[in-house]
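Spelled out from the first residue to the last, the chains are:
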Amino acid sequence: MDFELTAEQKMIVETAADIARDFGPEYWREKDKKHAFPEDFWKSLVDAGFPGIVIPESYGGGGMGMSEMILAMETLVSEGCGLAGVWFLCLSSVFGGLSIAKHGNEVQKQKYLPQIAKGLEFCLALTEPDAGTNTLNISTMAVHDGDDFVVNGQKMFISGADRAKGMLLVTRTTPLDKISKRTLGLSLFVVDLPNSAIEIIPIEKHGINYSKTFEMYISDLRVPRGNLLGEEDKGWYAVLDTLNPERMSFSAAACGLGLLAIKKAVDYAKERKVFDAPIGSYQAVQFPLAEAKAKIEAARLLNYKAAWLYDKGQDCGAEANMAKVAAVEAGTSAVYHAMQTFGGYGYAVEYDVERWWREVNLIRLAPVTHQMALAFIGQHVLGLPKSY
C-alpha cells in the first residue's frame, strides 16, 4: 500500500476540513439540543460532491472509492463535526450509492446514482427486533405476487427513514426451513419512500439527536420485481459489500472522535493550572492522552488497509472487523480521558466532550457489536471454533 495521498485525496481532506470549520462543535451542540436536522451542513456536503465520492463518474459521481470516503469522513469528524461527519454520508453514500453501484442493474443505476450524487437521501432497513446481530434470522418476508413482491414485517433502528427518498430493504424470500444453506434465502430491494405501506415510529435516543431513528412496520408493501437488487435469495453475499464499508465508516468515526477529544483536552491541559503548573505537565493527565493518540494512529492505518482492500476488490472482512475493534477501544479511551482532563467541566454540555462520549459509545454497539466483531476475528482470523 502507498500511504502518500494523491492530489485528489489531499483536496478532499482540505475541503472536509474547511466544511468542518464552518460547522464546529457549537453548531452540533445546538442541533443536538434542539433535535434539529442540519440542513445547511448537508447542503455543504452536497455542494462539495461528498455524497458522490464512491459513485462512478459515468453516473455523475467522483469515481473514487472507500479510501477517499474514509478520508473525508475522518476529517469531518476530527475537525469538529463529531459523529455527524460520518452519519449522513454513510446513510446515503454507503447504504445507497455503494450498494447500487456494486449490485444494481443498469436501470437502477441510471435512476438512483445520479440523484444520490446530488444529495438524494437513503436509509438501510436491516435490523429486526427478534434478530438483532443475527441477520440470517430476520423474518420480514417478500412473497411473489405476479410481477411484484409483497413484503410484510418489522424493522428496528432505521435511521433517517423520515427524510430518505430511497431505502435498501433486506428481507427473506425463502423461509429458513426451506433453504439448503443458512446464508441463502435473503434478498435486497430498493424501495422508494415515503410509502403508505410503511409506518415509522421515532425512537427516543441517548444522542445523535440531530438525526431521527425509527421502528418500522411494513404491511403489504408492493415492490416491483425490477427493484430486486442483485440475485434473489443471494442477498447475504451482496449485503456484506454494504456492511464492511459501514464498519470502516464507523471506525473512521471512532478515530475521528478520539482525535477531536484529544485536541480539545490538550488545549485545555496547556492552559489549566493546578498546584502552580499546567495540568498537562502531570503524567496522570498526559500519559493516557498520549497512549490514546498512539492507539488511534494504529487503528487509522488498519482502517485504511481495509478500505484499500475493498477498493481493490479483495476480501476485507478481517481488516474491517479488526479496525473496528481497534478504533472503538482507542476512540473510547481517548474521549474518556479527555473528560477526565476537564474534570467537572467534562460533564458540562458547553464543553462538548460529554456529547462525544455519548456518540463514541454508540460505535461499541453498532454497526455490529464489539463482541461480535471479536467473535469474527476469533473464528475467521485466528481459526478458533465458532463461539456463538
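Residues numbered from 1 in each chain as written. Predicted model: local features only at pLDDT ≥ 70, side-chain atom pairs only at ≥ 80, totals over all residues. Heavy atoms only, no water.

Draft legend 1. Local environment of the packing of aromatic side chains. The full count for this structure, using the stated rule, is 15 aromatic pairs. Ring plane angle 50 degrees and centroid distance 5.2 Å describe the contact between Tyr 345 and Tyr 351, whose orientation is recorded as tilted. Given the relative accessible area of 41%, Tyr 345 is considered partly exposed. Since its relative accessible area comes to 22%, Tyr 351 is described here as partly exposed. What links up through ring pairs into an aromatic cluster is the set Phe 23, Tyr 27, Trp 28, Phe 37, Phe 41, Phe 88 and Tyr 210. The residue whose ring lies beneath Arg 163 is Phe 37, and the NZ or CZ to ring-centre distance is 3.4 Å. (Phe/Tyr/Trp six-rings, centres within 6.5 Å; stacked < 30°, edge-to-face > 60°. Buried < 20%, exposed > 50% of the residue type's maximum accessible area, 1.4 Å probe, protein only. Lys NZ or Arg CZ within 6 Å of the ring centre and 35° of its normal.)

Draft legend 2. The arrangement of the pairing of strand 3 (residues 148–159) in detail. Examined bridge by bridge, strand 2 (residues 141–145) and strand 3 share five bridges and lie antiparallel to one another. Bridge pairing in strand 3 places Ala 142 opposite Val 151. Taking the residues between adjacent antiparallel strands as the criterion, strand 2 and strand 3 are bridged by two residues, where Gly 146 takes a positive phi near 65 degrees. Inspection of the sheet shows strand 3 paired to strand 7 (residues 213–224) by nine bridges, in the antiparallel sense. Residue pairing across strands places Val 150 opposite Arg 222, the latter belonging to strand 7. (Pairing = 2+ DSSP bridges. Helix = DSSP H or I, 4+ residues; strand = E, 2+ residues; numbered from the N terminus.)

Draft legend 3. Focus on helix 10 (residues 353–365). In a regular helix each residue adds 1.5 Å, so 13 residues correspond to 18 Å; helix 10 covers 19 Å between its end C-alpha atoms and thus fits that length. Where helix 10 is buried, its residues contact helix 2 (25–34), helix 7 (235–271) and helix 9 (317–342). (Expected span 1.5 Å × (residues − 1). Contact = heavy atoms within 4.5 Å.)

Draft legend 4. Focus on helix 3 (residues 39–47). All of the buried residues in helix 3 are Phe 41, Trp 42, Leu 45 and Val 46. Around the axis of helix 3, the buried residues are gathered within 140 degrees of arc, so they sit on the same side. Along helix 3, the residues that are exposed and aim more than 90 degrees away from the buried face are Lys 43 and Asp 47. (Arc of directions from axis to C-beta.)

Draft legend 5. Spotlight on the pattern of salt bridges. Going through the model one piece at a time under the given rule, you end up with 22 salt bridges. Of the charged contacts in the structure, one is a salt bridge between Lys 263 and Glu 79, with a shortest N-O distance of 3.6 Å. Taken as a pair, Lys 263 in helix 7 and Glu 79 in helix 4 (residues 66–81) lie far apart in primary sequence, 184 residues in all. We note a salt bridge from Arg 358 to Glu 354, for which the minimum N-O separation is 3.0 Å. Taken together, the residues Arg 358 and Glu 354, both in helix 10 and four residues apart, mark about one turn of the helix. By relative accessible area, which is 13% here, Glu 354 ends up buried. (Salt bridge = Lys/Arg side-chain N within 4 Å of Asp/Glu carboxyl O.)

Draft legend 6. Spotlight on the nonpolar core. Of all hydrophobic cores here, the largest spans 101 residues; its most connected members are Phe 41 and Phe 50. Ranked by the residues each element gives to this core, the list is headed by helix 7, at 18 residues. When sequence neighbours within four positions are dropped, the list of residues in contact with Phe 50 reads Ile 12, Thr 15, Ala 16, Ile 19, Leu 45, Met 69, Ala 72, Leu 76, Leu 89 and Ser 93. Core analysis: the next-biggest nonpolar cluster, separate from the first, contains 21 residues, Cys 123, Phe 189, Val 191 and Phe 214 among them. (Core = buried A, V, L, I, M, F, W, Y, C linked by side-chain atoms within 4.5 Å.)

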